[in-house]
Protein chains: 2
Amino acid sequence: MSTEPDIIYVGNKPPMNYVMAVITGFNTGNTTEVTLKARGRAISTAVDVAEITRNRFFKDAKVHAISIGTEQITPREGGNPRNVSTLEITLRKE
Amino acid sequence: MSTEPDIIYVGNKPPMNYVMAVITGFNTGNTTEVTLKARGRAISTAVDVAEITRNRFFKDAKVHAISIGTEQITPREGGNPRNVSTLEITLRKE
């Protein structure tokens with residue numbers, strides 16, 4: 001059984017879309033860890049996804065690690081690069 | 001010198017307002033820790049505040065702890081309580 005983490009990129013869809021992806025990640029059975037990654041406004045959604053997963057679907061899932069960071073994004077149309085905050089949450093099924 | 005943490009509640013104002021509060025907290029000198037607390041959409045702003053503080057103003061400040069949670073909010077006008085996600089980030093000046 002591999003413990004290589006699944007990574008789910010959280011964007012602007014409703015939280016339940018990503019919750020389903022986490023559930024699928026845990027249930028396909030070759031991983032005990034799922035990592036949520038989000039940037040900017042989607043950070044709040046990533047926290048929602050982690051909390052909904054823990055409170056409703058996998059009560060034995062624990063928040064294993066949380067980290068924050070900053071990425072530089074260069075707009076495709078040119079112009080100055082700007083900074084955007086990032087969040088990573090790793091959930092682990094015990 | 002007390003190490004009792006300052007707590008800053010992050011809401012919907014621009015991030016720099018809260019960055020100023022963190023700087024004031026660290027500079028008034030009777031604390032080495034400042035904790036940012038946010039709920040719902042303000043969670044992204046709290047991460048921005050922590051990152052701006054660390055990258056621009058206090059390069060010796062470290063993210064000491066991050067935690068997520070859920071609070072139940074009962075609307076003042078009545079109706080069903082709803083869940084809202086919460087985030088806490090503690091910054092520590094070394």
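Before going further, it helps to examine helix 1 (residues 15-27) of chain B. Residues and elements named next belong to chain B. Along its 13 residues, helix 1 runs 18 Å from first to last C-alpha, staying within 8% of the 18 Å computed at 1.5 Å per residue. Taken as a whole, helix 1 has its buried residues at Tyr18, Val19, Val22, Ile23, Gly25 and Phe26. Considered in projection along helix 1, the buried side chains sweep an arc of 160° and stay on one side of the axis. Packing partners of the buried residues in helix 1 comprise strand 1 (6-10), strand 2 (33-39), helix 2 (42-57), strand 3 (61-73) and strand 4 (82-93).

What follows covers the interface of chain B and chain A. Across the boundary between the two partners, chain B contributes 20 residues, which contact 20 residues of chain A. Here chain B meets chain A over a buried area of about 1,600 Å², counting both sides, of which 55% is carbon and sulfur. The largest contributions to the chain B side of the interface with chain A come from B:Arg41, B:Ile66 and B:Ile68, which together make up 36% of the buried area. Remark: the boundary between chain B and chain A carries zero salt bridges. Seen at the junction of chain B and chain A, the total is 13 residue pairs in polar contact (both at pLDDT 80 or more). Counting residues per element, the ones that place at least two in the side of chain B that touches chain A are helix 2, strand 3 and strand 4 of chain B. Per element, the largest residue contribution to the side of chain B that touches chain A is nine residues, and it comes from helix 2 of chain B. Here the side of chain B that touches chain A is built from residues that sort into seven nonpolar, nine polar and four charged.

Okay, the environment of B:Asn83 next. The topology assignment puts B:Asn83 in strand 4. In this view, B:Asn83 contacts B:Thr70, B:Glu71 and B:Gln72; residues no more than four positions away in its chain are not counted.

Rotating chain B by 180° and translating it 0.0 Å along the rotation axis places it on chain A, where the RMSD comes to 0.0 Å. Both chain copies can therefore be described as sitting about a two-fold axis. Using C-alpha coordinates, one finds that chain B approaches the rotation axis most closely at B:Ser44, a distance of 2.8 Å. Both copies present the same face, since 100% of the interface residues in chain B are matched by interface residues at the equivalent positions in chain A.

All names here are of chain A. Pairing is mixed across the open sheet formed by four strands, whose spatial order is 1-2-4-3. Sheet topology places strand 1 (6-10) and strand 3 (61-73) at the edges, where each strand pairs with a single neighbour. Taken over all neighbouring pairs, the strand axes of this sheet differ in orientation by 20° on average, direction set aside. Pairing of strand 2 (residues 33-39) with strand 4 (residues 82-93), which is carried by seven bridges, proceeds in the antiparallel orientation. Of the residues in strand 4, the one forming a bridge with Ala38 is Leu87.

Here the focus is the layout of surface pockets. Of the voids in this model, the largest pocket is the one considered here, and its volume is about 240 Å³. Around the largest pocket sit A:Gly40, A:Arg41, A:Thr70, A:Arg82, A:Asn83, A:Val84, A:Ser85, B:Asp48, B:Glu51, B:Ile52, B:Asn55 and B:Arg56, which together line it. Take the lining of the largest pocket: its biggest share by element is five residues, from helix 2 of chain B. Tallied by class, residues from the lining of the largest pocket come to two nonpolar, five polar and five charged.

Below, the discussion takes up the nonpolar core. Ranked by internal contacts, the top residues of the largest apolar core, which has 48 residues, are A:Ile89 and B:Ile89. Every residue in contact with B:Ile89, bar those within four places of it in the chain, is listed here: A:Ile68, B:Val34, B:Thr35, B:Leu36, B:Ala46, B:Val47, B:Ala50, B:Val63, B:Ala65 and B:Ile66.

Basis of the calculations
- Residues numbered from 1 in each chain as written.
- Chains lettered and ligands numbered in written order.
- Predicted model: local features only at pLDDT ≥ 70, side-chain atom pairs only at ≥ 80, totals over all residues.
- Heavy atoms only, no water.
- Helix = DSSP H or I, 4+ residues; strand = E, 2+ residues; numbered from the N terminus.
- Expected span 1.5 Å × (residues − 1).
- Buried < 20%, exposed > 50% of the residue type's maximum accessible area, 1.4 Å probe, protein only.
- Arc of directions from axis to C-beta.
- Contact = heavy atoms within 4.5 Å.
- Buried area = accessible area lost by both parts, 1.4 Å probe.
- Salt bridge = Lys/Arg side-chain N within 4 Å of Asp/Glu carboxyl O.
- Polar contact = N/O pair within 3.5 Å; in protein donor to acceptor, adjacent residues only side chain to side chain.
- Nonpolar A, V, L, I, M, F, W, Y, C, P; charged D, E, K, R; others polar.
- Least-squares fit on C-alpha atoms with pLDDT ≥ 70 in both.
- Pairing = 2+ DSSP bridges.
- Axes fitted to C-alpha atoms, helices over the stretch in contact; angles between N-to-C directions.
- 1 Å grid on protein atoms, 1.4 Å probe; cavity = no way out; pocket = protein on both sides within 12 Å on 5 of 7 lines; lining within 4 Å.
- Points joined across faces, edges and corners; volume = space filled by probe spheres on them.
- Core = buried A, V, L, I, M, F, W, Y, C linked by side-chain atoms within 4.5 Å.

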